[in-house]
Amino acid sequence: MSPDSVPPGSPRSATEVNEQIRALWLRAGGSLSAQERAEYELLVVEWAEAIRGEIIEAA
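The following refers to the structure shown.

Right, let's get into the packing of aromatic side chains. The description of two aromatic rings rests on the distance between their centres and on the angle between their planes. One pass over the structure, following the stated rule, counts one aromatic pair. Note on Trp 25 and Tyr 40: the rings are 5.5 Å apart at their centroids and 80° apart in plane angle, and the pair reads as edge-to-face. Within this pair, whereas Trp 25 is found in helix H1 (residues 14-28), its partner Tyr 40 is found in helix H2 (residues 34-58), the two being separated by 15 residues in sequence. Here Trp 25 falls in the partly exposed class, since its relative accessible area comes to 29%.

So this is what it looks like as structure tokens:
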């Protein structure tokens, strides 16, 4: 992942992760390289975990 990524164990909100996903797509110009796709996949997993955590916390 990129150097400004938060290390594992430092949870970010779904909003923060979504912003990083959007920034990745903007930087990539809509077409991801293999490295960018790997970063995107990790971010999507992190985003999904953050959403689950926020839903559980809200309940």
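So that's the structure; there's more coming.
This part is about H1. Taking 1.5 Å of rise per residue, the 15 residues of H1 would be expected to cover 21 Å, and the 21 Å separating its terminal C-alpha atoms lies within 8% of that figure. Looking only at H1, the buried set comprises Ala 14, Val 17, Gln 20, Ile 21, Leu 24 and Ala 28. Looking straight down H1, one finds that the buried residues subtend no more than 125° of arc, so they occupy a single side. Those residues of H1 that are exposed and aimed more than 90 degrees away from the buried face are Thr 15, Arg 22, Leu 26 and Arg 27. Elements in contact with the buried residues of H1: H2. Backbone geometry just downstream of H1 places Gly 29 in the positive-phi region, at approximately 70°.

All chains considered together, the criterion is met by two salt bridges. The salt bridge involving Glu 46 is made with Arg 12; its shortest N-O contact spans 2.7 Å. Taken together, the residues Glu 46 in helix H2 and Arg 12 in the segment before H1 connect sequence positions 34 residues apart. For the pair Glu 46 and Arg 12, a shared accessibility class is recorded, and that class is buried. In this structure, the salt-bridge partner of Arg 27 is Glu 39, at a minimum N-O distance of 3.9 Å. Linking Arg 27 in helix H1 with Glu 39 in helix H2, this pair joins segments that are 12 residues apart in sequence. Residue classification places Glu 39 among the buried positions, given a relative accessible area of 9%.

With that settled, consider the environment of Arg 12. Note on Arg 12: relative accessible area 13%, which makes it buried. Sequence-wise, Arg 12 and Trp 47 are 35 residues apart; in three dimensions their C-alpha atoms are separated by 8.5 Å. Side-chain polar atoms of Arg 12 contact the side chain of Gln 20, separated by 2.5 Å. Among the polar contacts made by the side chain of Arg 12, one reaches the side chain of Glu 46 at a distance of 2.7 Å.

Rules behind the numbers
- Residues numbered from 1 in each chain as written.
- Predicted model: local features only at pLDDT ≥ 70, side-chain atom pairs only at ≥ 80, totals over all residues.
- Heavy atoms only, no water.
- Phe/Tyr/Trp six-rings, centres within 6.5 Å; stacked < 30°, edge-to-face > 60°.
- Helix = DSSP H or I, 4+ residues; strand = E, 2+ residues; numbered from the N terminus.
- Buried < 20%, exposed > 50% of the residue type's maximum accessible area, 1.4 Å probe, protein only.
- Expected span 1.5 Å × (residues − 1).
- Arc of directions from axis to C-beta.
- Contact = heavy atoms within 4.5 Å.
- Salt bridge = Lys/Arg side-chain N within 4 Å of Asp/Glu carboxyl O.
- Polar contact = N/O pair within 3.5 Å; in protein donor to acceptor, adjacent residues only side chain to side chain.

By themselves, these observations are geometric and do not establish any function.
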